[in-house]
Every structure is written in structure tokens, then in C-alpha cells.
Amino acid sequence: MKTIYLDNSATTKTDEEVVKAMLPYLSQSYGNPSSIYKLGRENRKAIEETRNQVAKALNCETNEIYFTAGGSESDNTAIRGIAHSYQSKGNHIITSKIEHPAVLETCKQLEKEGFEVTYLGVDKNGIVDLAELKKVIKPTTTLITIMFANNEIGTIEPIKEIGEIAKKNNIFFHTDAVQAVGSVKIDVKALNIDALSLSAHKFYGPKGIGALYVRKGVRFDKFIQGGHQERNKRAGTENVPGIVGLGKAIEMAYESLENHNQKIAKLRDYYVEQVEKKIPYIRINGDRENRLPGNSNISFRFIEGEGLLLNLDLKGICASSGSACTSGSLDPSHVLLAIRSTT
Ligand SMILES: *Cc1c(COP(=O)(O)O)cnc(C)c1O
């Protein structure tokens, strides 16, 4: 039976070119990047080349990029790191109700530690309420963390406007751009983004490797204690094969961005059109304009998500009913609950 993979928000297949770029660093070039001999130095060089590729993709400086073990670690590092670093200035954080668990759970943990967190509502398409954002800002607000694009319903948030509001109020702005990087052109300077999380396995790169951009001058506490790697911000011998794969994947994604997006959006639109034509009692979720090209989220009445997915699996079709990080629970998606509560 043929496998039809429709779950690219959960993860993507590692591109063969990416695998090819990684292979030498899994075999003959095995040196520790911190070592001074040639085997080490060539690994150091490979890391710095990827840092260049990532910085170029985001329009930032190379020394504003830190490698991590993925999107979750980048989110944790940015939010905890900035919140703690500026705790003497204030303890209020603003986020949204539809963030990924890596952001929501980090915020909940910070609440236990005495921080105050405001969870902004969204409209029926999943767009955060900018008027509400302006209203909830306090003198103690140090950080706004709002995702670039939602991983369940594909809605792209008004990042430019949020960046402007943050800047005007002297508040740091972090965005979880794990779904957007590789699908959307991002210029962190033009968008006034102070910190951004990305993860290679969402754009045809390997799993377990990500990056965090933090604007120069923004302080953040280190998340992993140990050696001096990543300019003393992220201890541990670097995942060189992963980093090389991340570099190749981000370069390829932005080389073919328009073509790829057009192709994917066309397929997505065809799929939605067919579902609309053939299946009654459905509801298309997310914003029709401001959305990721490869995302479709549809509610089907009279059937449970879990049952639907099991039946699709029997036909070789891979899909999901919510974030991979919450699967296994029968609770309705927190994202769908947030958009429902407005209608
Ligand atoms: C996948 C995802 C993450 C988590 O990234 P990992 O690399 O799997 O840790 C975080 N945020 C969003 C929006 C995601 O889609």
C-alpha cells in the first residue's frame, strides 16, 4: 500500500540532498569542533558555515544565532532566558492561547515561579487581538511571545504589527517561527523581532536540531550548563551532522521558496475544494488569506478525530487532529477551543 504523507506540520521527510551533506560528518569527519587539529577545525568551519546560512535566511548577524536541539529548546531558552534575565525590571509576560505547548508549558512553569502571564485570545480565524495586546501591556511587561504561524490551523499572525507595538513599549518580542521558517520570508530586523525559534525537521531537515536567534544586546540566561560552546550560551558538544543538515535545508528552502509554496498551495487548495464538494457538515478552520501554503485544518461533524485518523491510517494516509505533542489525549485541541470560543 502506498503511503500518503499529509502530516508535514508534525515533521517533514529529510531531503536526500540534506542527508548527503550530513553524511561526511557522521563518518570520516568525526572530530570535536573544539579540538585544535584539522579534524576538529573542519567541524568548527562547518558549524560556522551553517551559522552564516541561517543568518542570511533571517537577515541577522551570524553571532546572533545559537544552535539548540530543536524548536522546543529554542522556545524554552528564549522565554525563560529573557524572562529571568530581566526579572528585576518586571515579571509580566504576554503570550497567546494558541501557542505550541513548548511556549504554553514554559509560561505555566514561569507562573509557578512568580511570573505573571497574560494569555491573549484570538478571533475566529486564530488571529491575535492587537487591541487587546495594547491594552494588557503594563509597566512590568518585559516579554511578548507570540507565534509566527500556528502549527494546527496555519494562521499567520500580524508579526510586523506586534513587533512595532513591542518596540514602541520597550518590550522584547520573541516569536516561535518553527512553522514559518522555510515557508515564509522572514526579515527579523524589518519585523522588529528580538528572538526567534526555528527547527530543521519542519523544513526537510533532520530532527533534533534547531536554532535560536537573539538580537545583539538582548540578555538571556543560559539554558544548558557546562562547557563554553555557542559563545557560552548552550553547553554540549555541537551536533555537527545536524547543524550541517539544518544549513543545507534552510538554504534549499529559501532558494525554491516561491515555486515550492505555489505548488504546495495549489495541491492544498485542490484538496480543500474536493473535500468541500464531497463531504457535508465540515468547517474549514484558520484564516483563508493569512495562512501557511501547506496547511489545511478541517472539522468534520459527527465523527471523532481519533476514529477518523485510525480509518485514514488503514488506507495509508498520515494526518493528525492536533499538535503531535498532545496526541494520545482525547481532549479537544486548545487551538480549536480558542477559535470556537469567539463564535
Ligand atoms: C514542531 C513545533 C515546535 C517544536 O519543535 P521541535 O523541534 O519538535 O522541538 C514548536 N513550535 C511549533 C509551532 C512547532 O510546530
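Please refer to the structure placed before this passage.
Residues numbered from 1 in each chain as written. Predicted model: local features only at pLDDT ≥ 70, side-chain atom pairs only at ≥ 80, totals over all residues. Heavy atoms only, no water.

Chemist: Which parts of the structure should I look at to understand the overall build of the chain?
Modeler: When helices and strands are counted, the chain shows eleven helices and eleven strands. Its C-alpha radius of gyration of 20 Å places the chain within 12% of the 20 Å reference for a compact globule of 343 residues. In terms of overall dimensions, the chain has a C-alpha envelope of 65 × 55 × 35 Å along the principal axes. Residues counted as buried form 49% of the 343 residues belonging to the chain. For the chain, the share of sequence-separated contacts (at least 6 apart) that also reach a separation of at least 24 residues comes to 72%. (Helix = DSSP H or I, 4+ residues; strand = E, 2+ residues; numbered from the N terminus. Rg over C-alpha atoms; globule rule 2.2 N^0.38 Å. Buried < 20%, exposed > 50% of the residue type's maximum accessible area, 1.4 Å probe, protein only. Contact = heavy atoms within 4.5 Å.)

Chemist: Quick question: what am I supposed to make of the site of the ligand here?
Modeler: Close to the ligand lie 13 residues, the nearest being Ser72, Asp176, Gln179, Ser199 and Lys202. Note that an oxygen atom of the ligand is positioned 3.0 Å from one of the side-chain N or O atoms of His201. Class assignment for the residues of the shell around the ligand results in two nonpolar, eight polar and three charged. (Near = heavy atom within 4 Å. Polar contact = N/O pair within 3.5 Å; in protein donor to acceptor, adjacent residues only side chain to side chain. Nonpolar A, V, L, I, M, F, W, Y, C, P; charged D, E, K, R; others polar.)

Chemist: Whenever I open this one, the packing of aromatic side chains confuses me. Can you help?
Modeler: The way to describe two aromatic rings as a pair is by their centre distance and the angle between their planes. Going through the model one piece at a time under the given rule, you end up with three aromatic pairs. Taken together, a centroid distance of 5.2 Å and an interplanar angle of 75° make the contact between Tyr66 and Phe220 edge-to-face. Note that Tyr66 is positioned in strand E2 (residues 65-68) and Phe220 in the loop between strand E8 (210-214) and helix H7 (229-232), a separation of 154 residues in sequence. For the pair Tyr66 and Phe220, one class covers both residues: buried. The lysine or arginine in question, Arg219, covers the ring of Tyr86, its NZ or CZ lying 4.3 Å from the ring centre. Above the face of the Phe220 ring, Lys233 is positioned so that its terminal group lies 4.4 Å from the ring centre. (Phe/Tyr/Trp six-rings, centres within 6.5 Å; stacked < 30°, edge-to-face > 60°. Lys NZ or Arg CZ within 6 Å of the ring centre and 35° of its normal.)

Chemist: Any chance you could explain helix H8 (residues 240-255) here in plain terms?
Modeler: In an α-helix, one turn spans 3.6 residues; hence positions three or four apart end up facing the same way. An ideal rise of 1.5 Å per residue puts 22 Å on 16 residues; H8 measures up with 23 Å between its terminal C-alpha atoms. Within the sequence span of H8, burial applies to Val240, Pro241, Gly242, Ile243, Val244, Gly245, Leu246, Gly247, Ala249, Ile250 and Ala253. The N-terminus of H8 is capped by Asn239, whose side-chain oxygen sits 2.9 Å from the backbone nitrogen of Gly242. (Expected span 1.5 Å × (residues − 1).)

Chemist: In this structure, what is going on with the pattern of salt bridges? I would like to understand it.
Modeler: Side-chain pairs of opposite charge can arise whenever the charged atoms involved come near each other. In this structure the tally under the stated criterion is 17 salt bridges. Between Arg44 and Glu238 there is a salt bridge, with its nearest N and O atoms 3.3 Å apart. Placement of the pair is Arg44 in helix H2 (residues 38-58) and Glu238 in the loop between H7 and H8, with a sequence separation of 194 residues. Here the salt bridges do not stand alone but share partners, grouping Arg44, Glu48, Arg51, Glu230 and Glu238 into one network. (Salt bridge = Lys/Arg side-chain N within 4 Å of Asp/Glu carboxyl O.)

Chemist: Hey, could you run me through the sheet that holds strand E7 (residues 195-199) in this one?
Modeler: To summarise the sheet geometry, strands pair through backbone hydrogen bonds and adopt either a parallel or an antiparallel arrangement. As summarised here, the arrangement of the seven strands in space is E2-E8-E7-E6-E5-E3-E4, forming an open sheet in which the pairing is mixed. Edge positions in the sheet fall to E2 and strand E4 (116-120), since each has one partner strand and no second. On average, each strand axis in the sheet is inclined to that of its neighbour by 20°, with strand direction left out of account. The strands touched by helix H6 (residues 159-168) are strand E5 (141-145) and strand E6 (172-176); relative to E6, the strand with the most contacts, the crossing angle is about 155°. (Pairing = 2+ DSSP bridges. Axes fitted to C-alpha atoms, helices over the stretch in contact; angles between N-to-C directions.)

Chemist: So what exactly am I meant to see when it comes to the packing of H2 against H8 here?
Modeler: Two quantities define a packed helix pair, namely the angle between the axes and the distance from one axis to the other. Close contact between H2 and H8 brings their axes to 9 Å; oriented N to C, the two are set at 30°. As the angle between them shows, H2 and H8 are arranged roughly parallel. The hand of the H2/H8 crossing is left-handed. Contacts between H2 and H8 involve Asn43, Ala46, Ile47, Thr50, Gln53, Val54 and Ala57 from the first element and Val240, Ile243, Val244, Leu246, Gly247, Lys248, Ile250, Glu251 and Tyr254 from the second. Partitioning the contact of H2 with H8 into residue classes produces ten nonpolar, four polar and two charged. (Parallel < 35°, antiparallel > 145°, perpendicular 65-115°, else oblique. Left-handed = near helix turned anticlockwise from the far one by under 90°.)

Chemist: Would you take a moment to explain unusual backbone geometry for this structure?
Modeler: Negative phi characterises most residues that are not glycine, and trans characterises most peptide bonds. Located in the positive-phi region is Asn59, a residue other than glycine, with phi close to 60°. Within the secondary structure, Asn59 sits in the loop between H2 and E2. The class for Asn59 is partly exposed, based on a relative accessible area of 38%. Within the chain, Phe302 stands out as a residue other than glycine whose phi angle is a positive 70°. One can find Phe302 in the loop between strand E10 (297-300) and helix H10 (305-314).

Any functional reading would require information beyond the geometric quantities listed.
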